[in-house]
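Coordinate analysis (summary)
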Amino acid sequence: MMYNCNELSDRRFLLFGTLLIFLQTRVLTSIKLHTSTISPLDTTQVLAVEGHQSFFPCDLTPPNPDEAVYLVLWYKEDQGEPLYSYDARNSAWNLGARWSDEFQFGSRAYFELSSSPAKMRVENIQKHEAGIYRCRVDFKSAPTRNSLVNVSLIEPPTSTTIIDFRGQEVKTIAGPYQQDSIITLTCVSSGGDPSPQVTWWKENELIDQSYEKTYQHVVQNTIKIGPLSRSDLGTVLTCLSSNNNISVPVSSRVTIDMVFPAVDVSITTIGQPLSAGTVYILSCEAAGSRPDPLITWWLGSDKLIGEEQVLEKNKDI
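Residues numbered from 1 in each chain as written. Predicted model: local features only at pLDDT ≥ 70, side-chain atom pairs only at ≥ 80, totals over all residues. Heavy atoms only, no water.

Moving on: the confidence of the model for the protein chain. Do not read the predicted coordinates in detail wherever pLDDT is low. Looking at the protein chain as a whole, the pLDDT averages 85, with 84% of positions reaching at least 70. Every residue in residues 1-39 scores below 50 in pLDDT, and together they form seven contacts with partners more than four places removed in sequence or on other chains. (pLDDT = per-residue confidence, 0-100. Contact = heavy atoms within 4.5 Å.)

Below, the structure is given as structure tokens:
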């Protein structure tokens with residue numbers, strides 16, 4: 001059959017167009033099949049803490065006693081290449097070769113066979129590694145088994161800061177405060193997703209858990225303590241911030257410092273009338289003060305200046 005140039009051009013365009021449409025249809029069909037393969041699978045939910053160890057379970061139980069595990073492949077999301085493999089095709093099923101993509105988990109991943117179900121252990125998991133993972137298990141002759149693990153990441157809080165009523169940071173010592181004072185301290189926690197719980201502890205006793213979120217990734221808890229008594233001297237107040245039970249809570253602590261007036265002042269060495277021309281040594285005792293008091297002597301309304309004095313601290317009261 002003979003064609004002129006225009007007819008040949010039109011026919012080539014038609015053939016090319018048909019081929020292009022066929023290729024596009026094939027790609028779309030492949031994506032649809034890939035999605036339909038994954039979506040109906042049962043999904044295990046795993047909650048991990050950033051920077052800590054996490055475990056991704058995968059059931060290796062053979063469908064019958066005559067079967068054996070040949071190959072285990074781990075994928076993330078819809079990535080075409082595995083990020084981890086366990087290959088027992090050339091050995092006993094429990095003596096397979098392990099491989100981990102150095103650009104993914106690398107040496108941080110290890111597939112554990114001894115647990116039930118088997119688990120891929122990932123050390124120091126990071127925020128960007130959250131997502132859906134697929135475990136593919138190939139048996140000797142039984143159909144391949146696929147299962148999904150949905151990994152969600154918790155970001156622990158990063159820091160806590162204690163501030164006083166003036167907005168100044170209190171690092172280790174709060175005070176000094178006077179007796180009967182009422183003190184206000186605020187613990188500010190930064191970072192963390194989800195938002196952490198911020199609590200106050202007095203020694204080992206929980207005293208306040210009424211925290212509030214003030215800004216994005218900022219949670220605070222304010223306490224008022226008092227009126228202070230002498231027994232509050234040296235009390236340790238601790239602020240804890242945590243959003244999980246895996247990582248160690250972030251904390252800050254302060255010790256209460258106080259000042260006290262003397263509870264008793266007395267002259268202890270004079271028990272009789274004084275005689276003219278006689279030198280006497282007088283002793284004055286001040287008890288219960290913090291810090292040590294400044295002792296001065298007065299004769300009537302006149303302050304005695306320049307007299308020799310010897311200060312001696314006997315004991316703490």
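Next comes the rest of the description.
Position of P82 relative to the elements: it lies in the loop between strand 3 (69-76) and strand 4 (84-87). Apart from residues no more than four positions distant in its own chain, P82 is found in contact with L73, W74, Y75 and W99. (Helix = DSSP H or I, 4+ residues; strand = E, 2+ residues; numbered from the N terminus.)

A word on the environment of R290. Within the secondary structure layout, R290 lies in the loop between strand 20 (284-287) and strand 21 (298-299). Once residues lying within four places of it in the same chain are set aside, the contact partners of R290 are L233, D257, M258, V259 and F260.

Moving on, we come to the side chain of S242. Mapped onto the elements, S242 comes out in strand 17 (residues 236-242). Engagement of the side chain of S242 in a polar contact is seen with the backbone oxygen of N244, the distance being 2.8 Å. Contact partners of S242, with chain neighbours within four places excluded, come to P157, P196, Q197 and P249. (Polar contact = N/O pair within 3.5 Å; in protein donor to acceptor, adjacent residues only side chain to side chain.)

Moving on: the environment of W201. Checked against the element boundaries, W201 lands in strand 13 (residues 197-202). With 37 residues separating them along the chain, W201 and T238 place their C-alpha atoms 5.1 Å apart. Once residues lying within four places of it in the same chain are set aside, the contact partners of W201 are L206, I207, V236, L237, T238 and L240. A polar contact is formed between the side chain of W201 and the side chain of T199, at a distance of 2.9 Å.

The four strands are arranged 10-12-16-15 in an open sheet whose pairing can be described as antiparallel. What marks the edges here is a single partner per strand, and that holds for strand 10 (159-164) and strand 15 (212-215). Across the sheet, the mean angle separating the axes of adjacent strands is 30° when strand polarity is ignored. With eight bridges joining them, strand 12 (residues 183-190) and strand 16 (residues 218-225) adopt antiparallel strand pairing. Within the sheet, the bridge partner assigned to C187 lies in strand 16 and is N221. (Pairing = 2+ DSSP bridges. Axes fitted to C-alpha atoms, helices over the stretch in contact; angles between N-to-C directions.)

If you look at the biggest cluster of nonpolar residues, it comprises 28 residues, and the most contacted ones within it are F56, L60, V72, W74, F111, M120 and V151. Secondary structure elements with two or more residues in this core: strand 1 (43-49), strand 2 (54-58), strand 3, strand 4, strand 6 (109-112), strand 7 (118-122), strand 8 (131-139) and strand 9 (145-154). When near neighbours in sequence (up to four residues on either side) are disregarded, M120 contacts S54, F55, F56, W74, L83, Y84, F105, A109, Y110 and F111. Counting residues in each nonpolar core, the second largest holds 19 residues, with Y177, L185, C239 and V254 among its members. (Core = buried A, V, L, I, M, F, W, Y, C linked by side-chain atoms within 4.5 Å. Buried < 20%, exposed > 50% of the residue type's maximum accessible area, 1.4 Å probe, protein only.)

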